[in-house]
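# Architecture and fold: a report
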Amino acid sequence: MKKKSLYLLIALFLIISTCRIFAALQTPYFSEDDAYFTLRQVEHIKDTGLPLYKDPLSYGGREYYFLPLFHYLLAFCSLFAPAVIVLKVVPNILASSLVFPLFLLVKFITKEDKAAILSAFVASLIPVYVIETINSASVHTLTLPLTVFLMYQFSKINTNKKPKWFIITFLALIFTNVSATLLVTAILLYLLFAWTEGLKVKRAEIELALFALVTSVLFYIFFFREALILHGPDIIHGNLPNTLLDNYFSSIKISDTLINIGLIPLLSAIYITFLYFAKRKKKSIYLPMSSAFLIALMLLFKLIPVVTGLIFLSIMCSILFGEFFSYISEYFKKTKFSKLKWTAYLVLFLIIIITSFLPCIYGVKDVFKLPEKEQTATALKTLSEISEKNTAVACIPKEGHMVTYFAKSKNMMDSNYLYINNPDLYYKELKTLYTSAFISRPLEIMEKHNIKYILLNNKTKQKYNISRLSYASKKCMPVAIEYKDTRIYKKNCSLIQNE
Amino acid sequence: MNNKETKIITGIILIIILALMLVHNTKPTTTPFFGIEPYYHQTKASQIIDDSFEFKNKFSGQNQDNNGEPYDYILAAFTVILGKQTTSNILPIITGLITLILVYNLLKKTNYKKNFRIFCLIFIGLSHAFIYNHLVSQPFTIVIPCTLAALYFLLEKNYTKYFSVLFIIITALLEPFFMVILTVPAIMIMYLKKENLNKRLVLISFVSGLITVIIRLVTLPYLGNKTILSGNFLVNNLNFFGSLIGFSLFAIILGAIGLAVSWKRKLDNSPIYITIILLIISSIYIPSHKIFLNLIICFLATKGFIRLLDMKWELIVIRKLSSIFIIIGLIISASIYIDTLNKHTPSKGLVNTLNILKSNSQENEIILAHPKVSDWTKYFAKRETSWPINESILKTRDEDRAINFLRENNISYVLLNKNTKEIMINKDNNPGLNFVMENSEKFRKIIDYKENELWTVK
């Protein structure tokens, strides 16, 4: 690597991470509910050294096993700073660090520093990647750099024959997120593509693929054995209630994809895919190509949550963009317009700014408009002072972790559906709590789940198309806490009294 | 077999057998056996011994007299000598030991190398279907070693080869359909193999086997007793989804590699492919056939594993790690399976409830019990059970209809557990018959113990 490229890369990393951290610190709240789950886990690991697998507050008390490496990393960092700050800073540093493995991979594919730097720049401005990871303490801020680094190590194995870093990084990835299976499948698909294209598949590649397959299958079967036995094939969709399946695994629209990934990376990825399928052959490009192809297929067949799928797809597209840039540069040199090279680069740069950077800015602005979170958090903090022990709060699943974190109370349900028997029933009962016209059935449900409070904020009102609880009354269901548009109702009567 | 080899093989077999025996200690002390089948067969065996063998499976509207199967008579014979619990627990382990010895000798006879034989024993010993077959007493506990013995003696050259006829007949008696399936590859082997096989003997063995099958089918209703497999294919066949007789994913992956390796000699191996196809089809109807299919999968998995080890590896560290992970995977997979098996035992609460039922009820009284707990009820409470063909009656909230149904079928007690309560929930998501029981004076709750309730009908 040239020194100039290295400095540029470090500068890019510093600029991106500074901007991200600066933006993230503008609000004390997180944009995603899952961040509060991570926060609780980090605090628990910090205190006890172990993850909170037996959570006494989630779903009124349940077991939930998750891959803990990301949480351990954050817990380690939280030894030096408050956990909330760590969750704002560290994931953004990790997300920005993607530029390094991405640079290495694109450089390996194109053998050009320029293309690699530009690719890293494009990847750091991908709208969906920035919006979804800037203020959510998302685990993908670690999985993506690891995945891209693994792709680089895998591609390089034929030249250096040293699998040490691949083994270490792969083990780290399987302890971080199940997306390791995505990489394994992509590697297998790559071997298939290379074979069908008549390219010689090296023995070392097959060996690494086999190792990755065996290790991931062994680890995940062992780790998720209870969930596998409990849910069977439903585990693919995370045991989501049927009514929510369409939201998480919905069909993707072309316009959304263009905005989320960015016009230039997406079009260049499509062009490169067609080019290397139809005309040219280059083995190193088949791995990111097969990854992109696999994720696109999974999105099409609703096998991966839309947001996760788009994040991974966008990064693969930005890798393919590097190859596209290299190809275009070469092509440009052969034309009469080669003198206008820098003008062309400038135009391309402007298009990237308009189609990636501007959607990013707009998206990020929305991420930090969190009056809803602020209201709900304030109400829940007040609740933590007045609520009795062992009582549960009913709220929509997307706010379940906020309830456990701020109110320190049990929730009726949250967004971690694994290990929950019949989440559809919970979902149905929750809907009844908010939409029932009469009090008897809600009382029955509240007693079943030991619910004492019902949270009603704008998000809930919008979700169930209600303005208040129809059965609320001063005697039986009075408003216990009211802060701006957020209300918390308290159950003051029991089913027997009511009858 | 040299001295070192003998020690290794004896060691492996002893470890597997010892492990099987130790697994018996993992189940609750209140439950004598794993699974459901041992209770069913042991109840029948006890009735054979008591000379009062006329077992009735009462269904509302019809009575089916169900005579004992040959396996129950074998079990009864052993029970007289060893006692109930020892027979149902020790007999499968002994047959497991015989199975492993036979597999080893069969592989040796067919010229497989030492490494292959050792790994094949390890793969079989750690396979879930083998663990099931030699921990849970049921007909295949004897069928598998008998089949292997028949194959072994068929390859013998001295007078002992005629023992094969005997073992084929025993297999045919115990599992007629399994016998039919084995006949097809046997005929193929006859025409394909030119050496080491007495074609005439194969013909005599299998013809006598088929005759036994015909006699058996004519004299006894067979298919009526069998559970037709229903539900999800993956859940029923892959162990990590909780299947009771299923396959480990590792064995399947390695088996697929082994199949690819064996494809080079596809004509010679065609009987194996045909057997696999036939067993896959038959196991849809008779899940126990998966136990034999498992032996073939383990054989192929060993082929796959040996191929992986023999392959020229560029990355030595990856070779070592992959082999270690595969072996660890098989061991962990087996230990997880034992966990699954443990969940298929009657709970302490149920056993206590059934003991109370036994002391409260008369011998001729009938119990309404879910089919899943029916055999446990017969074993522990020693009472006949009943379950309606049309389950809609259990969802009713009509007191008169419920009482009429129970009286028509002479049901005096109702055993409520989690499964029964789930079935009783009607389409409005409300409890059915259990609601009637709780609100009617004609029912009285005798005991409510850890999700198990016992009600009597006045």
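The structure reproduced in this document is the subject of the present report. (Residues numbered from 1 in each chain as written. Chains lettered and ligands numbered in written order. Predicted model: local features only at pLDDT ≥ 70, side-chain atom pairs only at ≥ 80, totals over all residues. Heavy atoms only, no water.)

### Let's talk about the overall build of chain B
- Assigned secondary structure in chain B consists of 20 helices and seven strands.
- Looking at chain B as a whole, 55% of its 458 residues qualify as buried.
- Carbon and sulfur atoms make up 61% of the accessible area of chain B, which amounts to about 21,200 Å² in all. (Helix = DSSP H or I, 4+ residues; strand = E, 2+ residues; numbered from the N terminus. Buried < 20%, exposed > 50% of the residue type's maximum accessible area, 1.4 Å probe, protein only. Areas by Shrake-Rupley, 256 points an atom, 1.4 Å probe, with all protein chains shown as cover.)

### With respect to unusual backbone geometry
Residue and element names in this part refer to chain A.
- Positive phi values are uncommon outside glycine, yet Asn239 reaches one of about 55 degrees.
- With respect to the helices and strands, Asn239 occurs in the loop between α12 (225-231) and α13 (242-248).
- A positive phi angle, near 55 degrees, is found at Lys484, a position not held by glycine.
- Looking at the element boundaries, Lys484 is found in the loop between β6 (479-483) and β7 (486-490).

### Points about the sheet that holds strand β4 (residues 410-411) of chain A
All names here are of chain A.
- The five strands are arranged β4-β3-β5-β7-β6 in an open sheet whose pairing can be described as mixed. Two strands in the sheet have a free side with no partner beyond their single neighbour: β4 and β6.
- In terms of strand pairing, strand β3 (residues 392-394) meets β4 through two bridges, oriented parallel. The residue bridging Val393 from the neighbouring strand is Asn411, located in β4.
- Packed on one face of the sheet, helix α19 (residues 371-386) meets β3, β5 (451-456), β6 and β7 and runs near 145 degrees to β6.
- Along the sheet, helix α21 (residues 423-435) makes contact with β3 and β5, crossing β5 at roughly 70 degrees. (Pairing = 2+ DSSP bridges. Contact = heavy atoms within 4.5 Å. Axes fitted to C-alpha atoms, helices over the stretch in contact; angles between N-to-C directions.)

### Topic: the packing of helix α8 (residues 140-160) of chain A against helix α9 (residues 164-174) of chain A
All names here are of chain A.
- The geometry of α8 relative to α9 is characterised by a closest axis approach of 9 Å and an angle of 155 degrees between their N-to-C directions. Considering the angle they form, α8 stands roughly antiparallel to α9. The crossing of α8 and α9 is left-handed. The segment α8 lies against α9, with Thr143, Leu146, Thr147, Phe149, Leu150, Gln153 and Phe154 engaging Trp165, Phe166, Thr169, Phe170, Ala172 and Leu173.
- Of the residues that constitute the contact of α8 with α9, the class distribution is nine nonpolar, four polar and no charged. (Parallel < 35°, antiparallel > 145°, perpendicular 65-115°, else oblique. Left-handed = near helix turned anticlockwise from the far one by under 90°. Nonpolar A, V, L, I, M, F, W, Y, C, P; charged D, E, K, R; others polar.)

### Side note on the state of the cysteines
Residues and elements named next belong to chain A.
- Tallying each qualifying case throughout the model produces one disulfide over all chains.
- The side chain of Cys476 participates in a disulfide bridge whose partner is Cys493; the two sulfur atoms lie 1.6 Å from each other. Of the two residues, Cys476 is situated in the loop between α23 (458-464) and β6 and Cys493 in the loop between β7 and α24 (495-498); the sequence distance between them amounts to 17 residues. Of the two residues examined, Cys476 and Cys493, each falls in the buried class.
- With no disulfide of its own, Cys19 lies closest to Cys360 among cysteine sulfurs, the gap being 11 Å. (Disulfide = S-S within 2.5 Å.)

### What about the pairing of strand β5 (residues 411-416) of chain B?
All names here are of chain B.
- When you tally the buried positions in β5, you get six out of six residues, the bulk of the element.
- As paired elements, strand β3 (residues 366-368) and β5 share three bridges and run parallel to each other. In the strand pairing of β5, Ile366 is matched with Ile411.
- Of the strand pairs in this sheet, β5 and strand β7 (residues 452-457) are connected by four bridges, and their pairing is antiparallel. Within the sheet, the bridge partner assigned to Val414 lies in β7 and is Trp455.

### Focus: the packing of aromatic side chains
- Taken as a whole and judged by the stated rule, the model has 54 aromatic pairs over all chains.
- A centroid spacing of 6.5 Å and a plane angle of 35 degrees characterise the contact between Phe321 of chain A and Phe324 of chain A, whose relative ring orientation is tilted. Of this pair, Phe321 of chain A and Phe324 of chain A both sit in helix α17 (residues 306-334), three residues apart, which is roughly one turn of the helix.
- Look at Phe321 of chain A and you get buried, because its relative accessible area is 0%.
- A centroid spacing of 5.4 Å and a plane angle of 90 degrees characterise the contact between Tyr112 of chain B and Phe299 of chain B, whose relative ring orientation is edge-to-face. Remark: Phe299 of chain B occurs in helix α14 (residues 289-310) and Tyr112 of chain B occurs in the loop between α4 (84-109) and α5 (114-126); sequence separation between them is 187 residues.
- Residue class for Tyr112 of chain B comes out partly exposed when judged on its relative accessible area of 23%.
- Taken together, the ring pairs in this structure connect Phe37, Tyr53, Tyr64, Tyr65, Phe66, Phe175, Phe219, Tyr220, Phe223, Phe224 and Tyr419 of chain A into an aromatic cluster.
- Sitting above the plane of the Phe108 of chain A ring, Lys111 of chain A keeps its charged end 4.5 Å from the centroid. (Phe/Tyr/Trp six-rings, centres within 6.5 Å; stacked < 30°, edge-to-face > 60°. Lys NZ or Arg CZ within 6 Å of the ring centre and 35° of its normal.)

### Re the environment of Ile187 of chain A
Residue and element names in this part refer to chain A.
- Mapped onto the elements, Ile187 comes out in helix α10 (residues 180-196).
- Relative accessible area serves as the criterion here: at 2%, Ile187 is assigned to the buried category.
- Separated by 21 residues in the primary sequence, Ile187 and Leu208 place their C-alpha atoms 9.2 Å from one another.

### Quick word on a nonpolar patch on the surface
- Taken together, the side chains of Leu346, Leu350, Ile354, Phe357, Leu358, Ile361 and Tyr362 of chain A define a hydrophobic patch exposed on the protein surface, amounting to about 680 Å² of accessible area.
- Here Ile354 of chain A is to be found in helix α18 (residues 341-367). (Patch = residues over 30% accessible without salt bridge, like charges linked within 9 Å, V, L, I, M, F, W, Y side chains within 5 Å. Salt bridge = Lys/Arg side-chain N within 4 Å of Asp/Glu carboxyl O.)

### Focus on the packing of helix α2 (residues 34-48) of chain A against helix α4 (residues 83-96) of chain A
Residues and elements named next belong to chain A.
- α4 packs onto α2 with a crossing angle of 125 degrees between their chain directions and a minimal axis gap of 10 Å. In this view, α2 runs oblique relative to α4, as classed from their interaxial angle. Where α2 crosses over α4, the two elements pack in a sense that is right-handed. For the pair α2 and α4, the contacting residues are Ala35, Thr38, Leu39, Val42 and Glu43 in the first and Ala83, Val84 and Leu87 in the second.

### Observations concerning the interface of chain A and chain B
- Each partner contributes to the interface: chain A provides 24 residues, whereas chain B provides 28 residues.
- Sorting the residues of chain A by area buried against chain B places Glu207, Leu218 and Ile229 of chain A first, and these three jointly supply 24% of that buried surface.
- For the pair chain A and chain B, the number of links is one salt bridge.
- A salt bridge links Lys161 of chain A to Glu314 of chain B, with the shortest nitrogen-to-oxygen separation between them at 2.6 Å.
- Our count for the contact surface shared by chain A and chain B stands at four residue pairs in polar contact (both at pLDDT 80 or more).
- Looking at the side of chain A that touches chain B, the elements that each hand over two or more residues are α11 (203-223), α12 and α21 of chain A.
- In terms of residue count, the dominant contributor to the side of chain A that touches chain B is α11 of chain A (twelve residues).
- Tallied by class, the residues present in the side of chain A that touches chain B amount to 16 nonpolar, two polar and six charged. (Buried area = accessible area lost by both parts, 1.4 Å probe. Polar contact = N/O pair within 3.5 Å; in protein donor to acceptor, adjacent residues only side chain to side chain.)

### Digging into the pattern of salt bridges
Residue and element names in this part refer to chain A.
- In total, this model carries 17 salt bridges over all chains according to the counting rule given.
- Notably, a salt bridge pairs Arg62 with Asp414, separated by 3.9 Å at the nearest N-O pair. Of the two residues, Arg62 sits in strand β2 (residues 62-63) while Asp414 sits in the loop between β4 and α21, which places them 352 residues apart along the sequence.
- On the accessibility criterion, Asp414 (0% relative accessible area) is buried.
- In this structure, the salt-bridge partner of Arg441 is Glu444, at a minimum N-O distance of 2.8 Å. You can see Arg441 and its partner Glu444 sitting in helix α22 (residues 440-448), three residues apart, about one turn around the helix.
- Exposure remark for Arg441: the relative accessible area of 34% places this residue in the partly exposed category.

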